[in-house]
Structure formats: C-alpha cells, structure tokens
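Spelled out, the chains give:
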There are 2 protein chains.
Amino acid sequence: MDKKQRVVKEAAERRNEILDVAEELFVSKGYDKASTNDILERVGIARGTLYYHFSSKEDILNAIIDRINSSLISRASTIAADTSIPVIDRIVMTIAALNVDTDIGHEIIDQVHKPQNALMHQKMLHNLIEGIVPIIVRIVEEGNEQGIFHIKYPAETVEMLILYSGTVFDDDYDESEERSANRIKAFLHNTELLLGAKEGSVQQAMSKLFK
Amino acid sequence: MDKKQRVVKEAAERRNEILDVAEELFVSKGYDKASTNDILERVGIARGTLYYHFSSKEDILNAIIDRINSSLISRASTIAADTSIPVIDRIVMTIAALNVDTDIGHEIIDQVHKPQNALMHQKMLHNLIEGIVPIIVRIVEEGNEQGIFHIKYPAETVEMLILYSGTVFDDDYDESEERSANRIKAFLHNTELLLGAKEGSVQQAMSKLFK
DNA sequence: ACTCAACCGACAGGTTGTCGGTTGATATGA
DNA sequence: TCATATCAACCGACAACCTGTCGGTTGAGT
C-alpha cells in the first residue's frame, strides 16, 4: 500500500523541494545529525533520485547557503542603492537587513549558530562577508567624501565590523541580559570610533530605526 | 605474524599517545575525514581500548583542544604578568604568543583554518577567547590608569580585537601578498583607534618586536 | 591466587555514494 | 491518430565505510 509511486517533476522543482526539506532538517537537527535518509524520506523520493540532483550531501549544504545568501544580499543591495537615505542610516539599515528576522532568516540564523552546525555557520559567514563587504564599503566611501566619516582603510575596517557583528550576536552561549546590552552599546561606540564618525551619530541612527 | 600483542600501559600514557596521533590526523586529514579506525591503527590498539580511554570521537577532539589551549594560555599568562614590560609591548607580545609558531602551534593553526575543520576551529577559537580576553583586559586597564589608553568598554573591545585577529589571520583562502600586508596595517591602525592609544604607538611596539 | 585496570575484537546499527535498470512525458513519423 | 523511440527523471539494492557497545581476556601488583 505504501509502495512508492513514481512522480516525475521538472529538475528545478525537485531540486527546490529537496533544498526546502534539507534546510529544515539541517537547521533543526544540525548538518551532521540530519542524514540523507531523513531528507529523502521526507521528500518522498529514492536514494538514487537525491544523488541524481545533487552530487553529495555537502553539495546540498552549499546550495542552501547560496540560496539564503543571495536572498539576503539582494535585500541589502536594494537598501544600499537608495541614496536618498542619509549615509549612516543607510548603513545601519543595510546591516539590519542581514540580521533582523526575515521571511526565513531569523529561525535559521538562531539555529545555525549552534556548535553542531560549525561548518554551515562558517560557510555562511564567509560567503556572506564576501558579498556584503563591497556593498557597505561603497556607502562608507560616500560618507568619507561627505566628510561624515574619516576612515583610512575602508575595506578592512568594514570587514572587521561585519565579522564581529556576525559572530558576536550568536547567542549560542548564554549570557545575561545586561552583558548582552553592554555588548551592543560597546559595538556602536566602537563603530563610531572606527569610522571616525561623530560621537553618538550611529547610536542615533540606530535608535531612530528601532524605536 | 602481525597478530596483536598486548601491551599494557598506564592510562595517562595511553591517553597521550592517542591524543598525539589523533591531533596529527585531525590536522592533516580534517576531523571528519580522520576515522577512529585510522587512529587506533596508528596507535596500535584495538577499538575497545580507544573507547576505554575516551567516550567518543568528539571527546578526543575536546581533549586535544584543551591541551593546546592550556599551553597557549599559560604561555600568554606568563608574559602578561611581567609588569616590567611596557603596557603596549606587553599586549603585542601576549597576542603574538597565541599566533606565532610555537612548539606545535604553527602547523596546527594553519590546518585548523581549513573549511573541513570548521568544528575544531570554532571550538578552539571560542575556548581560546574565553581564556585570553580576561588576561588582556587586565593589561588594557593598566594602560587606562597610566593614561596611555582611553577606552570605554575594555572587555568588549578586547573581545573584538582578539576575535578579529584570530579570524583574519586564517589564510585559508588565498589572497595577494599586498592585500595581506594591508590587512595587518589596517589592523594595527584600528587597534590604536579602539584603544585610544597614540597614533603609531602600537605599530612601533610591533616593529620593535619583529625587526 | 585474587583483583581489577587495561585491553581485545566481533558486532549492531548507522552512514554516504554508486550503479544498472525502469518509467513516463514528449517528440517523431506513418 | 496511433505506434514507437528517446531520454530526463526516478528507483532501490548494495558496497564500503563509519561510530559506539559489550562480554570476555590478560597480566601487573597485592
């Protein structure tokens, strides 16, 4: 009765089905613990079909990451391109677009930061940084020209800020509310220092957005 | 002929033998690819023996990381405690003790930064940061009192610096000589900004040490 | 001659990736 | 309009690993 009945679909559609399920599983159980068997059972396909569409389990992981990142980056680009927004606000908004809960983003990012998902985490971060740094650098340079910022090494500094923001907001290890709030205050303060921005200017943009 | 002949050793000695071999293998092949079979063959023991001394493969990984980190941290502590060294020099030296090639350190750290070793990498970094940040913070606060630094959030800032230094010196992904040199210059410059130190003071200490 | 820490290896139950074979949607031609 | 050929998509058995368990063995010290 529960015999397999063959259902044929277009490759692109099947691929996405697989990615949807795999994403769900990788996130909830962790990349290592989620087996390819779990995936193909949930999708309702046979082993051979999975490996017809993907060459390996890691290949699936990479495809998922690409999917998430290109979505995040396109969102960020849109904001970054809107020159009607003041520079500082635009930077805050662009970065916020990466971290604040999006359609899928939030849950994933929470889970991804578990130690069990180290590989996934690292790949995402690396991949994301590569895409996002140039976008922010362009805004920062705009700020330099406007005399709002005074920054000597834009690319490296932005890299540092993004990297830190991406790693530090992993609340995988529990910490007190107070400590966490302190971290954010410190981060904003240090951002101002590094960008050579007026004291309080970043904080202001931040509180303006999340009031 | 190649029958197993039983050799009995003290537990501590066996444990270290296993850790030595496992470290070698994890580093050269990556944690995932190195199998427990590889380890026990190389050590010359049976499966049961391995699991007599360690409860799981990950348990072995954790033991290795503890071993490396406590060695690194004790080295760093020694330097940090020597108040005869000027504050800035002492900070540079302390951090250098973590990154510069040590007995084992260098090779390992090179390899650990490969994507295949994401879990190991993350565990080391996390563990290391936890140990090293308080040590450096104490020196930084000393600098604050001496009026050399002017820093508002010592703990958070040091965390940021260490985290960045630990990540940025992963030369896993290839980059030009020039880009890499630039990164270091930028890092030193930003360190001065964050610490509120006199411009050039950190660069000076750095070049004094590695001339 | 007893005890028990250290050791052994077979085994259960999992994993990923491969491969020869099958099926059905679509194109072709009579 | 109906037969048939083609090939992308699919299937599931299987090989070759993997980790962790467990009942039994051994030998060094008392």
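Let's talk about the overall build of chain A
- When you go through chain A residue by residue, the secondary structure sums to ten helices and zero strands.
- When the helices and strands of chain A are read in sequence order from the N terminus, they spell out α-α-α-α-α-α-α-α-α-α.
- Taking the contacts inside chain A whose residues are at least 6 apart along the sequence as the reference set, 64% of them involve residues at least 24 apart.

Overview of the relation of the copies chain A and chain B
- Note on the identical chains: chain A maps onto chain B by a rotation of 179° and an axial translation of 0.0 Å, with an RMSD of 0.1 Å. With respect to symmetry, the two chain copies, as superposed, fit the operation of a two-fold axis. Looking at the rotation axis and the C-alpha trace of chain A, the residue lying nearest is A:A118, at 2.8 Å.
- Most of the interface of chain A is mirrored in chain B, where 100% of its interface residues are also at the interface.

Regarding the packing of aromatic side chains
- Within the structure shown, the criterion is met by four aromatic pairs over all chains.
- Ring geometry for B:F26 versus B:Y31: centroids 5.0 Å apart, planes at 75°, classification edge-to-face.
- Under the relative-accessibility criterion, B:F26 is labelled buried at 0%.
- By relative accessible area, which is 9% here, B:Y31 ends up buried.
- When the ring centre of A:Y31 is taken as reference, the NZ or CZ atom of A:K57 above it lies at 4.6 Å.

Regarding the confidence of the model for chain A
- Taken residue by residue, chain A gives an average pLDDT of 85. The fraction at 70 or more is 84%.
- Mean pLDDT values over the elements of chain A span from 55, in helix 6 (residues 105–112) of chain A, up to 97, in helix 3 (residues 47–53) of chain A.

Looking at the protein's contact with DNA strand D
- Around DNA strand D, a shell composed of 23 residues is seen, among which A:R14, A:G48, A:H53, B:T36 and B:R47 lie nearest.
- Among the atoms of DNA strand D close to the protein, meaning within 4 Å, 64% are from sugar or phosphate groups.
- Interatomic distance of 2.9 Å between a backbone N/O atom of A:G48 and a base oxygen of DNA strand D.
- Within the contact set of DNA strand D, a phosphate oxygen lies 2.7 Å away from a side-chain nitrogen or oxygen of A:T49.
- If you list the elements that add at least two residues to the surface near DNA strand D, you get helix 1 (11–29) and helix 3 of chain A together with helix 2 (36–43) and helix 3 (47–53) of chain B.
- The biggest single contributor to the surface near DNA strand D is helix 3 of chain A, with five residues.
- Tallied by class, residues from the surface near DNA strand D come to seven nonpolar, eight polar and eight charged.

Let's talk about the protein's contact with DNA strand C
- The immediate surroundings of DNA strand C are formed by 23 residues, with A:T36, A:R47, A:Y51, B:G48 and B:H53 found nearest.
- Between A:S35 and DNA strand C, the recorded distance is 3.3 Å, taken from a side-chain N or O atom to a phosphate oxygen.
- The backbone of B:G48 places a nitrogen or oxygen atom 2.9 Å from a base oxygen of DNA strand C.
- Mapped onto the surface near DNA strand C, the elements with two or more residues apiece are helix 2 (36–43) and helix 3 of chain A together with helix 1 (11–29) and helix 3 of chain B.
- Here the surface near DNA strand C gets five residues from one element, more than from any other, and that element is helix 3 of chain B.
- Of the residues assigned to the surface near DNA strand C, the class counts are seven nonpolar, eight polar and eight charged.

Comments concerning the pattern of salt bridges
- Enumeration over the complete set of coordinates arrives at 20 salt bridges over all chains.
- Across the pair A:E142 and A:R90 runs a salt bridge whose closest N-O atoms are separated by 3.0 Å. With A:E142 in helix 7 (residues 118–145) and A:R90 in helix 5 (residues 87–99), this pair connects stretches of sequence that are 52 residues apart.
- B:D38 is the salt-bridge partner of B:K29, the closest N and O atoms lying 2.9 Å from each other.
- Classification of B:K29 by relative accessible area gives partly exposed; the value is 35%.
- Three or more residues joined by partner-sharing salt bridges are found here, namely A:D20, A:E23 and A:R67.

Overview of the interface of chain A and chain B
- Listed as interface residues are 28 residues of chain A and, on the opposing side, 29 residues of chain B.
- Between chain A and chain B lies a buried interface of about 2900 Å² when both sides are counted; carbon and sulfur atoms form 60% of it.
- Taken together, the links from chain A to chain B amount to four salt bridges.
- With a shortest N-O distance of 4.0 Å, B:E199 and A:K152 are connected by a salt bridge.
- For the side of chain A that touches chain B, the elements supplying multiple residues, two or more each, are helix 7, helix 8 (154–168) and helix 9 (177–195) of chain A.
- Looking at the side of chain A that touches chain B residue by residue, the classes come out as 13 nonpolar, eight polar and seven charged.

Criteria and thresholds
Residues numbered from 1 in each chain as written. Chains lettered and ligands numbered in written order. Predicted model: local features only at pLDDT ≥ 70, side-chain atom pairs only at ≥ 80, totals over all residues. Heavy atoms only, no water. Helix = DSSP H or I, 4+ residues; strand = E, 2+ residues; numbered from the N terminus. Contact = heavy atoms within 4.5 Å. Least-squares fit on C-alpha atoms with pLDDT ≥ 70 in both. Phe/Tyr/Trp six-rings, centres within 6.5 Å; stacked < 30°, edge-to-face > 60°. Buried < 20%, exposed > 50% of the residue type's maximum accessible area, 1.4 Å probe, protein only. Lys NZ or Arg CZ within 6 Å of the ring centre and 35° of its normal. pLDDT = per-residue confidence, 0-100. Near = heavy atom within 4 Å. Polar contact = N/O pair within 3.5 Å; in protein donor to acceptor, adjacent residues only side chain to side chain. Nonpolar A, V, L, I, M, F, W, Y, C, P; charged D, E, K, R; others polar. Salt bridge = Lys/Arg side-chain N within 4 Å of Asp/Glu carboxyl O. Buried area = accessible area lost by both parts, 1.4 Å probe.

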